[in-house]
Amino acid sequence: AVGGVINIISKESKDKWNANLNAHIASHNEYRYGGSVGFNIKGISNSTNIQYTSSAPIELQGDGLNFIYGSHSWNAKERLSYSYNDIFKITAKAGYFFRERESAEVSHERYRDFSGGLKGEYNISEKDNIMLSYTFDQYDKSDYALQQELDVRDYSNVQHILRTMYNHTFRQKHILTIGGDYMRDYLMTYQFVDNRAYIQHSADAFAQFDWNPSKHWNLIAGLRYDFFSAAKLQYVSPKLGMMYKINDWSIRASYSAGFRAPSLKEMYMNFDMASIFMIYGNENLKPEKSHNFSLAGEYTHKYYNVTAMGFYNLVDNRITTAWNATLNGMKYVNMALLQIAGVDLSASAAWDFGLCIRLSYIYTYEYIKKGEPLTSSTRPHTATARIAYTKRCKDHSFNITLNGRLLSKVTYDEYTSLTDYTQTEKVTYPAYTIWNLSFQYMWNAISINTTINNLFNYVPKYYYSNSPFTTGTTFSVGLSLNIEKFFNKK
């Protein structure tokens with residue numbers, strides 16, 4: 001949709017009350033414990049969730065990056081909602097997250113996030129509904145000196161977001177959606193000069209029409225306007241999608257324009273990168289713009305589905321870093337046109353007796369003009385496979401799933417000098433495959449999960465950005481108890 005990329009809606013319990021306790025233990029001393037309680041009485045619904053996780057440090061045996069720091073975290077969420085006869089609903093949310101990363105013997109890194117929000121939804125009629133929401137989020141980072149017990153905050157990002165959206169349905173099948181957002185974005189960071197703070201105001205307005213002229217045709221047209229105060233940028237981006245469906249076949253085609261303004265970090269950064277070089281922002285950056293095209297065909301019949309899609313994307317003025325001889329450091333710059341094309345193929349089958357199979361393959365070609373301060377490290381071939389079998393009985397059920405992923409080798413130019421971008425060498429990262437096998441057993445209120453990760457014990461010889469951070473085969477087991485089921489008798 002023009003108004004957003006992903007919309008996640010948490011499931012609300014229909015039971016009068018519910019409670020859950022769960023635990024998860026894995027290799028490398030990884031632990032996760034959690035619990036939740038909730039109720040739903042006379043239009044009032046509440047859910048409270050608390051979780052604790054911890055993981056020990058891991059030493060990687062290969063070359064390159066060879067250590068993963070240990071950490072522990074707390075996560076708490078609260079949601080309270082009231083609804084009246086499916087006409088009006090108001091929801092309040094609050095959350096707190098804390099993570100401590102054991103990055104050194106004398107000091108640790110701490111991360112905190114405070115969030116909250118209020119959303120109201122009103123169904124004016126069967127054809128009209130409106131939504132209004134406010135969200136607050138504050139993400140902080142601090143350095144904690146263990147001996148002095150001194151916690152110094154050096155990063156804070158505070159966002160206030162307002163959103164509204166209105167939907168109207170014509171003839172019970174055509175939908176008009178209009179809305180808008182406003183965000184006040186505050187950022188203070190050690191990556192700016194003297195821990196300076198900057199504020200950006202951004203706003204957008206969007207409209208989308210979902211038109212269904214017949215049972216065979218569906219068309220979606222949208223338009224979005226964006227404004228960013230820091231760079232004084234504004235842009236209008238369109239979207240158009242079409243689907244034609246007949247019997248078991250459907251054909252989809254779409255075009256959309258993309259837009260991304262430079263972030264506050266990219267504009268104002270002044271950061272010493274581990275005393276190796278400086279990274280400088282650029283207030284004169286141009287926004288990233290893109291044109292995205294796709295064409296897909298799909299066949300669905302009974303137990304089977306086959307989909308084939310081709311895509312072609314043009315990305316102009318992509319923001320990256322390049323060496324600046326005058327500043328003797330890295331500086332954010334715009335690069336020349338980037339082209340990405342590919343094919344996405346998938347096939348799946350799901351039978352009534354519980355067996356499901358899914359296979360997918362993606363080929364990606366990325367073209368970057370020679371001499372640009374960025375080289376393509378995209379693996380051209382990727383394939384995935386999933387086989388699952390589920391058996392349900394009267395009072396228990398079980399599921400066994402095998403997941404696999406195959407990535408092809410990739411060879412690309414890696415820079416060997418920070419001062420001369422003509423000095424490169426060819427580096428090849430080998431192909432690899434990783435498979436996971438999981439088993440879940442559910443009986444009444446009890447659920448037991450066991451997983452074998454990296455079934456064939458793949459370990460890379462070199463750990464870097466294009467290799468998985470796996471140490472070989474690992475194991476995990478989890479237990480979940482739905483307490484209310486012990487008391488609720490059918």
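Residues numbered from 1 in each chain as written. Predicted model: local features only at pLDDT ≥ 70, side-chain atom pairs only at ≥ 80, totals over all residues. Heavy atoms only, no water.

**Things to note about the overall build of the protein**
So, point 1. Helices and strands together make up the secondary structure of the protein, namely 1 helix and 32 strands.
So, point 2. Rg of the C-alpha trace for the protein: 26 Å, near the compact-globule value of 23 Å for 490 residues, within the 12% margin.
So, point 3. Over its C-alpha atoms, taken along the principal directions, the protein stretches across nearly 75 × 55 × 45 Å.
So, point 4. Here the protein holds 490 residues, and 33% of them are scored as buried. (Helix = DSSP H or I, 4+ residues; strand = E, 2+ residues; numbered from the N terminus. Rg over C-alpha atoms; globule rule 2.2 N^0.38 Å. Buried < 20%, exposed > 50% of the residue type's maximum accessible area, 1.4 Å probe, protein only.)

**Let's talk about the sheet that holds strand S18 (residues 277–280)**
So, point 1. Taken in spatial order, the 4 strands make up an open sheet running S17-S18-S22-S21, and their pairing is mixed. Looking along the sheet, the strands with just one partner apiece sit at the ends: strand S17 (270–273) and strand S21 (319–324). Along the sheet, successive strands turn relative to each other by an average axial angle of 30°, direction set aside.
So, point 2. When S18 meets strand S22 (residues 329–334), the two strands line up parallel, connected through 2 bridges. Following the sheet pairing, isoleucine 279 is matched in S22 by methionine 330. (Pairing = 2+ DSSP bridges. Axes fitted to C-alpha atoms, helices over the stretch in contact; angles between N-to-C directions.)

**Side note on the side chain of aspartate 128**
So, point 1. On the secondary structure map, aspartate 128 appears in strand S10 (residues 128–145).
So, point 2. Despite its burial, aspartate 128 pairs with no opposite charge, the nearest such side chain being lysine 127 at 7.2 Å.
So, point 3. A distance of 2.3 Å separates polar atoms of two side chains, one belonging to aspartate 128 and the other to tyrosine 166.
So, point 4. Not counting the four nearest positions on each side in its chain, aspartate 128 is found in contact with Tyr122, Asn123, Tyr166, Asn167 and His168. (Lys, Arg positive; Asp, Glu negative; His and termini not counted. Salt bridge = Lys/Arg side-chain N within 4 Å of Asp/Glu carboxyl O. Polar contact = N/O pair within 3.5 Å; in protein donor to acceptor, adjacent residues only side chain to side chain. Contact = heavy atoms within 4.5 Å.)

**Focus: the state of the cysteines**
Covalently bonding the sulfur atom of one cysteine to the sulfur atom of another cysteine gives a disulfide.
So, point 1. Using the criterion set out here, one finds 0 disulfides in the structure.
So, point 2. Between cysteine 356, a free cysteine, and cysteine 393, which holds the nearest cysteine sulfur, the sulfur-to-sulfur gap is 16 Å.
So, point 3. Relative accessible area serves as the criterion here: at 27%, cysteine 356 is assigned to the partly exposed category. (Disulfide = S-S within 2.5 Å.)

**Details of the pattern of salt bridges**
So, point 1. For the coordinates displayed, the defined rule picks out 13 salt bridges.
So, point 2. The salt bridge involving aspartate 140 is made with arginine 153; its shortest N-O contact spans 3.5 Å. Of the two residues, aspartate 140 is situated in strand S10 and arginine 153 in strand S11 (residues 150–170); the sequence distance between them amounts to 13 residues.
So, point 3. Via salt bridges that share partners, Glu100, Arg110, Arg112 and Asp151 belong to a single interconnected network.

**A short note on the nonpolar core**
So, point 1. Counting 9 residues, the largest nonpolar core consists of Met269, Phe271, Phe277, Ile279, Leu285, Ile319, Trp323, Met330 and Tyr332.
So, point 2. Elements supplying a minimum of two residues to this core: S18, S21 and S22.
So, point 3. Among the nonpolar cores identified, the runner-up in size contains 7 residues, and Leu187, Ala230, Leu264 and Tyr268 belong to it. (Core = buried A, V, L, I, M, F, W, Y, C linked by side-chain atoms within 4.5 Å.)

**Observations concerning the packing of aromatic side chains**
So, point 1. Applying the stated criterion across every chain, the model contains 25 aromatic pairs.
So, point 2. Seen from their ring centres, tyrosine 198 and tyrosine 268 are 3.9 Å apart, and the 0° between their planes marks the pair as stacked. Note that tyrosine 198 is positioned in strand S13 (residues 197–211) and tyrosine 268 in helix H1 (residues 264–268), a separation of 70 residues in sequence.
So, point 3. By relative accessible area, which is 16% here, tyrosine 268 ends up buried. (Phe/Tyr/Trp six-rings, centres within 6.5 Å; stacked < 30°, edge-to-face > 60°.)

**Here's the deal with the pairing of strand S15 (residues 233–246)**
So, point 1. Sheet analysis places strand S14 (residues 217–228) next to S15, joined by 12 bridges and oriented antiparallel. Residue pairing in the sheet places asparagine 218 in a bridge with methionine 243 of S15.
So, point 2. Counting the residues that bridge the hairpin from S14 to S15 gives 4 residues, and of these lysine 232 lies at a positive phi of roughly 55°.
So, point 3. Between S15 and strand S16 (residues 249–260), which pair antiparallel one after the other, the connecting turn spans 2 residues, and asparagine 247 there sits at a positive phi close to 55°.

**A few points about unusual backbone geometry**
So, point 1. With a phi angle near 50°, lysine 42 is a residue other than glycine that sits in the positive phi range.
So, point 2. Mapped onto the elements of the fold, lysine 42 is located in the loop between strand S2 (30–41) and strand S3 (44–55).
So, point 3. With a phi angle near 55°, lysine 302 is a residue other than glycine that sits in the positive phi range.

**Remarks on the confidence of the model for the protein**
So, point 1. Residues with a pLDDT of 70 or more make up 95% of the protein, whose mean pLDDT is 91.
So, point 2. Confidence, expressed as mean pLDDT per element, reaches its minimum in the protein at strand S5 (residues 63–64) with 70 and its maximum at strand S25 (residues 381–392) with 97. (pLDDT = per-residue confidence, 0-100.)

**Remarks on the pairing of S17**
So, point 1. Taken together, the 4 bridges between S17 and S18 define a ladder with antiparallel strand orientation. Among the inter-strand pairings, methionine 273 is bridged to a residue of S18, identified as phenylalanine 277.
So, point 2. In this antiparallel pair of consecutive strands, S17 and S18, the connection spans 3 residues, and alanine 274 shows a positive phi of 55°.

**Let's talk about the environment of isoleucine 50**
So, point 1. Of note, isoleucine 50 is situated in strand S3.
So, point 2. Between the C-alpha atom of isoleucine 50 and that of tryptophan 74, which follows or precedes it by 24 residues, the distance is 7.5 Å.

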